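What follows is the residue order along each chain.
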Amino acid sequence: DAGITQSPRYKITETGRQVTLMCHQTWSHSYMFWYRQDLGHGLRLIYYSAAADITDKGEVPDGYVVSRSKTENFPLTLESATRSQTSVYFCASSESDRDFDGYTFGSGTRLTVV
Amino acid sequence: GQQVMQIPQYQHVQEGEDFTTYCNSSTTLSNIQWYKQRPGGHPVFLIQLVKSGEVKKQKRLTFQFGEAKKNSSLHITATQTTDVGTYFCRLGGATNKLIFGTGTLLAVQP
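These numbers were taken from a predicted model, which means no experiment stands behind them.

Conventions and cut-offs
- Residues numbered from 1 in each chain as written.
- Chains lettered and ligands numbered in written order.
- Predicted model: local features only at pLDDT ≥ 70, side-chain atom pairs only at ≥ 80, totals over all residues.
- Heavy atoms only, no water.
- Disulfide = S-S within 2.5 Å.
- Helix = DSSP H or I, 4+ residues; strand = E, 2+ residues; numbered from the N terminus.
- Buried < 20%, exposed > 50% of the residue type's maximum accessible area, 1.4 Å probe, protein only.
- Polar contact = N/O pair within 3.5 Å; in protein donor to acceptor, adjacent residues only side chain to side chain.
- Pairing = 2+ DSSP bridges.
- Axes fitted to C-alpha atoms, helices over the stretch in contact; angles between N-to-C directions.

**Q** Describe the state of the cysteines, and please don't skip the residues or the numbers.
**A** All told, the structure shown has 2 disulfides over all chains when counted by the stated rule. A sulfur-sulfur separation of 1.9 Å characterises the disulfide bridge that pairs cysteine 23 of chain A with cysteine 91 of chain A. Negative torsions about the S-S bond denote left-handed disulfides, and the value of about -75° found for cysteine 23 of chain A with cysteine 91 of chain A makes this one left-handed. Highlighted residues: cysteine 23 of chain A in strand S3 (residues 19-25) and cysteine 91 of chain A in strand S9 (residues 87-94), separated in sequence by 68 residues. A single burial state applies to cysteine 23 of chain A and to cysteine 91 of chain A, both of which are buried. Covalently, cysteine 23 of chain B is tied to cysteine 89 of chain B through a disulfide, its sulfur atoms 1.9 Å apart.

**Q** Can you lay out the side chain of glutamine 33 of chain B for me, pointing to particular residues and giving the numbers?
**A** Residues and elements named next belong to chain B. Note that glutamine 33 resides in strand S4 (residues 32-37). What makes glutamine 33 buried here is its relative accessible area of 0%. Separated by 2.8 Å, the side chains of glutamine 33 and tyrosine 35 make a polar contact.

**Q** Quick one: what's the story with the sheet that holds strand S3 (residues 19-25) of chain B, residue by residue and with numbers?
**A** Residue and element names in this part refer to chain B. Taking strand neighbours across the sheet as the criterion, the 5 strands line up as S1-S3-S8-S7-S6 in an open arrangement whose pairing is antiparallel. The strands lining the two open edges of the sheet, one partner per strand, are strand S1 (4-7) and strand S6 (55-58). Sheet twist, expressed as the average angle between the axes of neighbouring strands with direction ignored, equals 15°. Looking at chain direction, strand S7 (residues 61-65) and strand S8 (residues 71-76) are connected through 5 bridges and run antiparallel. Paired with glutamine 64 across the strands is serine 73, a residue of S8.

Structure, rendered in structure tokens:
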């Protein structure tokens, strides 16, 4: 089905482990984004990508790594998970960087670090 | 960095009452977008405003962009339980395009 999908929907991991959250979109949108959502902080940008092999840091990039070898995929890796990274993670895509394009969000991944 | 004030943080209304949330920027915006997130769901794009003083309507929702393009409001007339959720603004402009407001959580009591 067309759209933007995130996996897994739920994940529990231990402190210090590496974990990768997946994001896949079928529209061939150029722009993709990773946000985390925490109570009281709204949506905070972690990383974004303007195209394959082009990524840039957002507001809260520390402890995260991204890659974008293919236009449709934008995985987010927590290199060594910490409890402060417990959050809901949303991936989003946009057709262009023009301000007139709304973002389309995935359903999110709820990550718990114990 | 850019300050994004969204007020109120939380609003509880009786069904049928009106509701308004405001998004304020410290800098002039090229445009602003609004999103709605249902409880347990993901943000969904609602609308974008571009012109100074612009007003757009979607059924019971009215969106307004300030004359100075530094603030915006979302007004819901006669709220319904289906309006429950968090409403976010997203700032437009070269340095702001990736920034969301902290959101306003709307609770509607039947």
